[in-house]
Every structure is written in C-alpha cells, then in structure tokens.
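# Chains, contacts and geometry: an overview
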Amino acid sequence: LVNSVWQSNPPDYDGVLAGLDGISVRGLQRQRDLAANHGLAVHGSIDLSYFAEIDGNAPFVDLKGGIAATDISVGGFGFAWLAGPEHDDWHRLDLRTMSWSSLVRTLQTARLLIAGRHHAVFAACRARIPFIAIRQNSHKLADLFESARAHIPQCETRAEVANMLIWAPRNRGHFDRLFDWMNTRKMPESLVEAAPPAGKPAGTIASAYAADGLAIMANARGSNIEAGRLWEQAAGTSADPLKMRVN
C-alpha cells in the first residue's frame, strides 16, 4: 500500500493491513492514526507526485507576478471558484486543462497561489512560491505541513483567506522551511523501498507542533483569541487571553 491517505477508517481491514508486504502513508497524522487505532507502525513519505519530472519546454502562462487561484472543494457541490470583485485580478488555473509541467512553470511567474487542490500546493512547492491553502476533506496537506514542522495554516472561511493574503507574503520563512524540507526528500527507487513492512508501535506519536506553533497558525488565520489562549499555554501563564496583544 503506497502513497496512502489512511484517514478515519474502521478496524475492519486491520488483518489485511498487517498482512501486507509494506505500507507507506503521507505523513505524521496518518502514522499517528495507524499506530493509535490500528496497532501498526508504518513508513511515512510525502506524496510521490512531488517527484514528477518538469519539462522545461512545456507551455506556460506568464502571470507577471500576479496571484493565481484554483477552484475549491465545496461540501455537497463539488468544486467551485471563489467569486467576488476582490478576486477579479486573480488568475484562475484549471488543473483539468494543464499538465504538471505547465502548472509548475506558470506558478513560477506568480507571487502567490490560492489553492483549493492539494496537487496545486505541491506545484507551488516545486515553484517555491507562497500559497494560501483552503482546508479540504482530507488531511493530506495537514500531514505534509506537520511532517515538515512548517507553521502554515489552512483556511476555512473567506475572512481567513483575507488575513492570509497579508500574512503569507510577510512570512516567507515558514514557506521556505517547507520547501527546503521537501527538497531533501528522495524519490524511492522501488516499491520495496517506498513501502517497507509495518511493525508494532513503540509508543504514541506526539504532535510535532508545540503550543507556540499552533498560536502562530491561529494568529495567521486571524483567530486572535485562539492564538491568545495558545500563547498563554506556551508561556505557562494564567493571563486573560482577551487582554493579550497578539501581533
């Protein structure tokens, strides 16, 4: 089982999982799930799509430093585009009509991506441009960010997107940390290397995020009260979070 998103599944297939020659999931959250709920210690790796080759001669659109955007997943409705006059100057990228190489080369000409699809985020990482990730119906991106210890939040509302439009360009260091970490990952040479056999967990897998990291992400989304509570937790104080100043 390679490149798996094992999320919120019942124990019905635990016997099948234990009998596989190998299992590889996409990051810490999936590893934590399988260890805690299925009794398996498994290998973690980023989505293998990241390693796809880029054709330097592929056609692309020069966005001239503009903002690119993909469609987003809307529960019960499939995918849709964010609409409104504040989005009129965003360049819409339809991933159904673009090759991987064309997408990456196009994003290399943008300054920022608004991403509702996880492969678009991976393309932005290859292009090394900041992005605003819209939360999806899976943990794929959360897995990636936590595995890299990158303090990059996902947005759930338009207001959070508006906050991130300011935060993302000003906090390039969080994105560079992710890009540099991904650049150290290696494409496995074989399925045996990609998915080694599962073992027994040695213990629980803790979150890679401390309270201060969670506070950074809450503040980036504009959730200042949540950030205040987390900063209080990080500092070990009993200060009233409503009176705390979060920059």
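### Observations regarding the sheet that holds strand E6 (residues 91-92)
Here we have five strands laid out as an open sheet, ordered E6-E3-E7-E8-E9, and parallel in their pairing. Each edge of the sheet is formed by a strand with only one pairing partner; in this case those strands are E6 and strand E9 (154-155). Two elements, strand E7 (residues 112-115) and strand E8 (residues 131-134), share three bridges in a ladder whose sense is parallel. Note on E8: the bridge partner recorded for Ile114 is Ile132. Sitting on the sheet, helix H4 (residues 118-127) touches E7 and E8, and the angle it makes with E7 is about 165°. Along the sheet, helix H6 (residues 158-170) makes contact with strand E3 (67-69), E7, E8 and E9, crossing E8 at roughly 155°.

### Section: the pairing of E8
Going residue by residue along E8, you find Phe131 and Ala133 tucked away on one face and Ile132 and Ile134 tucked away on the opposite face as well. Running through H4, the crossover from E7 to the neighbouring parallel element E8 is right-handed. In terms of strand pairing, E8 meets E9 through two bridges, oriented parallel. Within the sheet, the bridge partner assigned to Ala133 lies in E9 and is Gln154. Each parallel crossover has a hand, and for E8 linked through helix H5 (residues 140-147) to E9 it is right-handed.

### What about the pattern of salt bridges?
Scanning the model with the defined rule gives 13 salt bridges in all. In this structure, the salt-bridge partner of Asp47 is Arg26, at a minimum N-O distance of 2.9 Å. Here Arg26 lies in the loop between strand E1 (24-25) and helix H2 (28-38) and Asp47 lies in the loop between strand E2 (43-44) and E3, a separation of 21 residues in the sequence. On the accessibility criterion, Arg26 (14% relative accessible area) is buried. Notably, a salt bridge pairs Arg135 with Glu156, separated by 2.7 Å at the nearest N-O pair. Taken together, the residues span a long stretch of sequence, with Arg135 in the loop between E8 and H5 and Glu156 in the loop between E9 and H6 at a distance of 21 residues. Each of Arg128, Arg172, Asp176 and Asp180 takes part in a single network of salt bridges with overlapping partners.

### Quick word on the packing of helix H9 (residues 211-221) against helix H10 (residues 224-235)
Orientation of H9 relative to H10, taken along the N-to-C sense of each, is 165°, at an axis distance of 8 Å. Regarding the angle of H9 to H10, the classification is roughly antiparallel. Seen along the crossing, H9 lies across H10 with a hand that is left-handed. Only Asn224, Glu226, Ala227, Leu230, Trp231, Gln233 and Ala234 of H10 make contact with H9, whose side of the interface consists of Ala211, Asp212, Leu214, Ala215, Ile216, Ala218, Asn219 and Arg221.

### Description of the side chain of His151
With respect to the element layout, His151 can be found in the loop between H5 and E9. Judged by its relative accessible area of 17%, His151 falls in the buried class.

### Some remarks on the confidence of the model for the protein chain
Across the protein chain, the average pLDDT comes to 89, with 96% of residues at or above 70. Segment residues 241-247 is flagged for pLDDT under 50; beyond a separation of four residues in sequence, or across chains, it makes 15 contacts in the model.

### Points about the environment of Arg221
Considering the arrangement of structural elements, one finds Arg221 in helix H9. In this structure Arg221 comes out as buried when scored by relative accessible area, which is 14%. Residues Arg221 and Ser102, 119 residues apart in the sequence, show an inter-C-alpha distance of 30 Å. Those residues in contact with Arg221 that sit more than four places away from it in its chain are Pro153, Gln154, Glu160, Asn163 and Glu226.

### Observations regarding a nonpolar patch on the surface
A cluster of nonpolar residues, Leu1, Tyr13, Val16 and Leu20, forms a patch on the protein surface that exposes about 360 Å² of accessible area. Looking at where Val16 falls in the secondary structure, it is placed in helix H1 (residues 14-19). Of the residues examined, Val16 reaches a relative accessible area of 49% and is grouped as partly exposed.

### Comments concerning H4
Most of H4 sits inside the fold, with eight of its ten residues counted as buried. Buried-residue contacts for H4 involve helix H3 (100-107), E7, E8, H5 and helix H7 (172-183). Positive phi appears at Arg128, one or two residues downstream of H4, with a value of about 55°.

Reading the values: the criteria
- Residues numbered from 1 in each chain as written.
- Predicted model: local features only at pLDDT ≥ 70, side-chain atom pairs only at ≥ 80, totals over all residues.
- Heavy atoms only, no water.
- Pairing = 2+ DSSP bridges.
- Helix = DSSP H or I, 4+ residues; strand = E, 2+ residues; numbered from the N terminus.
- Contact = heavy atoms within 4.5 Å.
- Axes fitted to C-alpha atoms, helices over the stretch in contact; angles between N-to-C directions.
- Buried < 20%, exposed > 50% of the residue type's maximum accessible area, 1.4 Å probe, protein only.
- Right-handed = clockwise from strand over helix to strand, strands pointing away.
- Salt bridge = Lys/Arg side-chain N within 4 Å of Asp/Glu carboxyl O.
- Parallel < 35°, antiparallel > 145°, perpendicular 65-115°, else oblique.
- Left-handed = near helix turned anticlockwise from the far one by under 90°.
- pLDDT = per-residue confidence, 0-100.
- Patch = residues over 30% accessible without salt bridge, like charges linked within 9 Å, V, L, I, M, F, W, Y side chains within 5 Å.
- Areas by Shrake-Rupley, 256 points an atom, 1.4 Å probe, with all protein chains shown as cover.

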